[in-house]
There are 2 protein chains.
Amino acid sequence: MSSLNKEWQCVLTESGPDLKLFKTRFDFMKKPDDEQIHKMIILDSPDSANVIALTPEGKIVFVRQFRFGIKEFTVELPGGIIETFENHEKGVQRELEEETGYTAQNWQYLGKVPSNPVFMNSYIHHWVADNARLTGTINWDEAEEMDLILYSVEETRKLLYKGFFQHSHTSNALILFFQWLDKSSN
Amino acid sequence: MSSLNKEWQCVLTESGPDLKLFKTRFDFMKKPDDEQIHKMIILDSPDSANVIALTPEGKIVFVRQFRFGIKEFTVELPGGIIETFENHEKGVQRELEEETGYTAQNWQYLGKVPSNPVFMNSYIHHWVADNARLTGTINWDEAEEMDLILYSVEETRKLLYKGFFQHSHTSNALILFFQWLDKSSN
């Protein structure tokens, strides 16, 4: 355990194939202790964002959709990829409306978590907003189709701890949300 | 919201570039409502596994390492990719010893979560084991180098809820662990 705190250096970078959802590149990383070079794949992708949108009745808005990686339906928080022309607050507001038809108020930032720190350079930003109402217009992407599910805050807490949520970006957001909620109510 | 519960069908699959950490393929998915075909990238990768290894002093073993995606250090549970010749229980026992030098007893399965259900077909399996002791041999991969950190169970719980852990595979495992722990102690 020699090189505590020594960062690896990227000494060269090389483009890889474009996979649509992300660009790829290979970073040549120099190991601090023996200075050997290791070629590492990086998926270069924009940040994304999701939101815990609370209705006036104390429910949280979820979307249920078919996920192509695992070929199963999942239940997730609304959200998606931030476009280049917008910041993540605007992006998550747009995604909430496009995916669910809900708009919400009093947006508060909970924090960000890496999408996957091992081979992705992007982050997912987590938001909470209240007074979510069906006042907007659904506008799915061509390859999207989803249903809405509403769970109460306490149902959601139980589902989280049971391991119900199959997308870790949803679980990460909920961890930060419950921490924020429990602090606010103390 | 027409096609509630209708699964998309994969009508064709095509190999994509080999990125070492994963093979890639494109699945051509038929949307249930309009039968249009959408070409989706899938990262085809083996499952992985991680473990909450508890020492006799009630500490959990973590590893701190430099992650190439975000070019920062993270603190994570020990774990890694399951090799083709082993099941995930053997794989996680091997990874614990190779990464940390610890071996442990009474391995119990907590469950699995998709690596990323959107574009990956793999899962991460979560385990807990006790009586973890430094009786094994560290054997890092060529591109690995890490330090050990031990946190008590209650320190770990606080860190989880604070959003300290930067790899969601660690957070997912800890969610299931605390659920299991709180059930066991009731």
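Here's what I pulled together on the structure shown here. As the structure is a computational prediction, the values presented were derived from the model and not from experiment. (Residues numbered from 1 in each chain as written. Chains lettered and ligands numbered in written order. Predicted model: local features only at pLDDT ≥ 70, side-chain atom pairs only at ≥ 80, totals over all residues. Heavy atoms only, no water.)

Focus on the relation of the copies chain B and chain A
- Least-squares fitting of chain B to chain A yields an RMSD of 0.0 Å, with the transformation described by 0.0 Å of translation along the axis and a rotation of 180°. Read as a symmetry element, the transformation amounts to a two-fold axis. Looking at the rotation axis and the C-alpha trace of chain B, the residue lying nearest is Ser168(B), at 3.0 Å. (Least-squares fit on C-alpha atoms with pLDDT ≥ 70 in both.)

Some remarks on the packing of helix α2 (residues 153-162) of chain B against helix α3 (residues 168-184) of chain B
Residues and elements named next belong to chain B.
- Contact geometry of α2 with α3 gives a least axis separation of 11 Å together with a crossing angle of 130°. Here α2 is positioned oblique relative to α3, judged by the angle of their axes. Handedness of the crossing formed by α2 with α3: left-handed. The residues of α3 that touch α2, namely those facing Val153, Thr156, Arg157 and Leu160, are Ser171, Leu174, Ile175, Phe177, Phe178, Leu181 and Asp182.
- Residue composition of the contact of α2 with α3, by class: seven nonpolar, two polar and two charged. (Axes fitted to C-alpha atoms, helices over the stretch in contact; angles between N-to-C directions. Helix = DSSP H or I, 4+ residues; strand = E, 2+ residues; numbered from the N terminus. Parallel < 35°, antiparallel > 145°, perpendicular 65-115°, else oblique. Left-handed = near helix turned anticlockwise from the far one by under 90°. Contact = heavy atoms within 4.5 Å. Nonpolar A, V, L, I, M, F, W, Y, C, P; charged D, E, K, R; others polar.)

Side note on the nonpolar core
- In this structure, Ile52(A), Phe177(A), Ile52(B) and Phe177(B) are the most contacted members of the largest nonpolar core, which totals 39 residues.
- For this core, the secondary structure elements donating two or more residues are β5 (59-67), α2 (153-162) and α3 (168-184) of chain A together with β5 (59-67), α2 and α3 of chain B.
- Not counting chain neighbours up to four residues away, the residues in contact with Ile52(A) comprise Ile60(A), Leu77(A), Leu110(A), Trp127(A), Val128(A), Ala129(A), Ala173(A), Leu174(A) and Phe177(A).
- Core analysis: the next-biggest nonpolar cluster, separate from the first, contains 16 residues, Leu43(A), Leu19(B), Ile41(B) and Phe119(B) among them. (Core = buried A, V, L, I, M, F, W, Y, C linked by side-chain atoms within 4.5 Å. Buried < 20%, exposed > 50% of the residue type's maximum accessible area, 1.4 Å probe, protein only.)

Some words on a negative patch on the surface
- A cluster of acidic residues, Asp33(A), Asp34(A), Glu35(A), Glu83(B), Asp141(B) and Glu142(B), forms a negative patch on the protein surface.
- Structurally, Asp34(A) is set in the loop between β2 (23-30) and β3 (37-44).
- A relative accessible area of 38% means that Asp34(A) is categorised as partly exposed. (Patch = residues over 30% accessible without salt bridge, like charges linked within 9 Å, V, L, I, M, F, W, Y side chains within 5 Å. Areas by Shrake-Rupley, 256 points an atom, 1.4 Å probe, with all protein chains shown as cover. Salt bridge = Lys/Arg side-chain N within 4 Å of Asp/Glu carboxyl O. Lys, Arg positive; Asp, Glu negative; His and termini not counted. Charge placed at Lys NZ, Arg CZ, Asp CG, Glu CD.)

Some thoughts on the interface of chain B and chain A
- Across the boundary between the two partners, chain B contributes 73 residues, which contact 73 residues of chain A.
- In total, chain B and chain A occlude about 6,100 Å² of area from one another, counting both sides; carbon and sulfur atoms represent 65% of this.
- Along the contact surface separating chain B from chain A lie two salt bridges.
- With its nearest N and O atoms 2.7 Å apart, the salt bridge here joins Asp27(A) to Lys71(B).
- At the boundary of chain B with chain A, the tally comes to 15 residue pairs in polar contact (both at pLDDT 80 or more).
- The element contributing the most residues to the side of chain B that touches chain A is α3(B), with seven residues. (Buried area = accessible area lost by both parts, 1.4 Å probe. Polar contact = N/O pair within 3.5 Å; in protein donor to acceptor, adjacent residues only side chain to side chain.)

Structural notes on the environment of Arg64(B)
- Relative to the helices and strands, Arg64(B) resides in strand β5.
- Taking the relative accessible area as the measure of exposure, Arg64(B) reaches 18% and is therefore buried.

Digging into the side chain of Thr55(B)
- Counting through the fold element by element, Thr55(B) comes out in the loop between β4 (48-53) and β5.
- Once residues within four sequence positions are removed from consideration, Thr55(B) is found in contact with Val61(B), Tyr102(B), Ala132(B) and Leu150(B).

Concerning the environment of Glu95(A)
Residue and element names in this part refer to chain A.
- Tracing the backbone shows Glu95 in helix α1 (residues 88-100).
- Placed 43 residues apart in sequence, Glu95 and Ile138 show a C-alpha to C-alpha distance of 9.4 Å.
- Beyond its immediate chain neighbours, meaning those up to four positions away, Glu95 contacts Gly79, Gly80 and Ile81.

Side note on the pattern of salt bridges
Residue and element names in this part refer to chain A.
- For the structure shown, the criterion picks out 16 salt bridges over all chains.
- Measuring nitrogen to oxygen at the nearest pair gives 2.8 Å for the salt bridge that ties Asp27 to Arg25.
- The exposure class of Asp27 is buried, given its relative accessible area of 1%.
- Here Glu86 makes a salt bridge to Arg94, at a shortest N to O gap of 2.5 Å. The same class applies to Glu86 and to Arg94, which are both buried.
- Taken together, the shared-partner salt bridges connect Glu86, Arg94, Glu95 and Glu98 into one network.

Description of the pairing of β5(A)
All names here are of chain A.
- Counting buried residues along β5, eight of its nine residues qualify, which places the element largely inside the surrounding structure.
- Bridge count for β5 against strand β10 (residues 146-152) is seven bridges, and the pairing is antiparallel. When the bridges of β10 are listed, Val61 appears paired with Leu150.
- Two elements, β5 and strand β6 (residues 72-76), share five bridges in a ladder whose sense is antiparallel. By the bridge assignment for β6, Gln65 is matched with Thr74. (Pairing = 2+ DSSP bridges.)

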